[in-house]
Amino acid sequence: MLLENTLTIDAAAVQFAADVRAGLDRPGQKELSSKYFYDPVGSALFEAISVMPEYGLTRADERVLRQHASDLASMVPAPLLVCELGSGSGKKTRWILESLCRLEPVSYYPIEISPAALASCERELAQVNGLTVVGVERDYLDGLREVAARRKEGTHLLVLFLGSTIGNFDSEADRRFLQSVRQTLVPGDCLLLGADLVKPLNQLLAAYDDPAGVTAAFNLNILARINRELDADFNLRQFEHVARFNEKTSSIEMHLRSKKPQTVTIPRAEFMVQFREGETIWTESSHKYSVAELKTLAAASGFHCKEQWIDQEWQFAESLFIAI
Ligand SMILES: C[S@@+](CC[C@H](N)C(=O)[O-])C[C@H]1O[C@@H](n2cnc3c(N)ncnc32)[C@H](O)[C@@H]1O
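Per chain, residue numbering runs from 1 following the sequence as it is written. Side-chain atom pairs in this predicted model are given and counted only at pLDDT of 80 or more, local residue features only at pLDDT of at least 70, and totals for whole chains, interfaces and linings cover all residues. Hydrogens and water are ignored here; the side-chain numbers use all heavy atoms of the structure.

Caption draft 1: Fine view of the pairing of strand S14 (residues 316-323). Among the 8 residues in S14, 8 count as buried, and that is most of the element. Burial along S14 is two-sided: Phe 316, Glu 318, Leu 320 and Ile 322 and Ala 317, Ser 319, Phe 321 and Ala 323, pointing in opposite directions, are all buried. By this definition, two strands are paired if DSSP reports at least two bridges between them. Secondary structure elements follow DSSP: runs of H or I of four or more residues count as helices, runs of E of two or more count as strands, with numbering from the N terminus. Summarising the sheet, strand S7 (residues 190-196) and S14 pair through 7 bridges and their orientation is antiparallel. Across the sheet, residue Asp 196 finds its bridge partner in S14, namely Phe 316. Where strand S13 (residues 303-311) lies against S14, 8 bridges are found, and the strand directions are antiparallel. Residue pairing for S14: Asp 311 is matched across the bridge by Phe 316. Linkage of S13 to S14, two consecutive antiparallel strands, is achieved through a turn of 4 residues, within which Gln 315 is found at a positive phi near 55 degrees. Think of it in three bands: residues with accessible area under 20% of the maximum for their type are buried, residues over 50% are exposed, and the middle band is partly exposed, with areas taken using a 1.4 Å probe on protein chains only.

Caption draft 2: Broad picture of the site of the ligand. Note on terminology: near, applied to a residue and a molecule or strand, indicates that one of the residue's heavy atoms is within 4 Å of it. As a matter of local geometry, the ligand sits amid 17 residues, with Tyr 38, Gly 86, Lys 92, Glu 112 and Tyr 140 nearest to it. What qualifies as a polar contact is a pair of N or O atoms within 3.5 Å, subject to a donor-acceptor requirement within protein and to the restriction that residues adjacent in sequence count only when both atoms come from side chains. Tyr 140 has a polar backbone atom sitting 3.0 Å from a nitrogen atom of the ligand. Calculation on the ligand without its partners gives an accessible area of 590 Å², and the protein chains cover 93% of this total. What sets the accessible areas is the Shrake-Rupley method with a 1.4 Å probe; for residues, cover comes only from the shown protein chains.

Caption draft 3: Representation of the environment of Cys 121 in the model. The residue Cys 121 is located in helix H5 (residues 115-125) in this model. Cys 121 sits in the buried class, given a relative accessible area of 0%. Put simply, Cys 121 and Gly 86 are 35 residues apart on the chain and 10 Å apart in space, counted from C-alpha to C-alpha. Pairs of residues are marked as contacts when any of their non-hydrogen atoms sit within 4.5 Å. Discounting residues that sit within four places of it in the chain, Cys 121 has contacts with Ser 87, Gly 88, Ser 89, Gly 90, Tyr 108 and Pro 110.

Caption draft 4: Fine view of the pattern of salt bridges. Salt bridges, as used here, are contacts in which a Lys or Arg side-chain nitrogen is within 4 Å of a carboxyl oxygen on Asp or Glu. Applying the stated criterion across every chain yields a total of 20 salt bridges. Note that Asp 61 is salt-bridged to Lys 92, the shortest N-O span being 2.7 Å. Taken together, the positions of Asp 61 in helix H3 (residues 57-75) and Lys 92 in the loop between strand S2 (80-85) and helix H4 (93-103) put the pair 31 residues apart, joining distant regions of the chain. Residues Asp 61 and Lys 92 agree in their burial class; the two are buried. Two residues, Glu 313 and Arg 63, come together in a salt bridge whose shortest N-O distance is 3.7 Å. Of this pair, Glu 313 sits in the loop between S13 and S14 while Arg 63 sits in helix H3, and the two are 250 residues apart along the sequence. Note on Glu 313: relative accessible area 62%, which makes it exposed. Through salt bridges with shared partners, a single ionic network connects Lys 30, Arg 276 and Glu 279.

Purely geometric numbers; function is a separate question.
Next up, the structure:
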């Protein structure tokens, strides 16, 4: 595994404190980046969300990958090096990797900021025949650049970005992110992009606000993480999970709403923050795409959309983009 050294772990803690402070100190809407959901508790809660009856997204993604893994394997160039941005547990990725490994041995680089997710991904895929797994504990683009730098002449890259994590970027930021991905690639390299599609409002709201409260626990855990890592004194019982649909941006937004006026101290960020009753912290957006929008996104970021596979039961698209 490519591990962060002690210095960069310290740097990550300093960055976490700085980002928390900047996000909660913003005039207007307070914010916390969704990338901070994924400490060991958050990664475990995300796995639980992915099997909730209301959250059809992961099952839809897996159905598409399972059905079309061999089509995908026949469309990508060889020899190939596979890397995945934010692999999580890598459970769904198994279908693709098994299909590719039937053709030739494959090296797979899951790129993750969550060491817990990375460890479960390495365990999950350890037994796939012909597969070498090399975990990369880095941010998406740093990790991708590092993997791209290791490729041998003539080897192509297949980048996987599954589970609609692309939808967590704000509007326009998805395009900028894919442009940065494209800059690390060469023509003929591939990107498999999973994206959740627009669907009825009640279905979306239930997916992000399940009655068992698992998504609420996932959302609230970001405050618990700040307590654990930055010695803060958030009282989690004084905040509640809110999921709502923003029609303008076609996104589900998750917020944490303060139930009363309160002050929270965050010593390791050298910061104190006040909340009004009803005020929210915006923790995540999940943009819902149209099929046409994904094709436009490909063109705007330097790719050609070669194929799209769509799950009809849950309206989820896997798109194969080729770098041009
Ligand atoms: C929504 S989950 C999706 C996991 C998996 N791809 C799936 O489809 O089920 C996002 C994953 O990306 C990781 N992640 C979030 N932000 C990241 C970043 N900036 N760099 C690397 N990994 C990140 C998280 O730790 C988490 O495991």
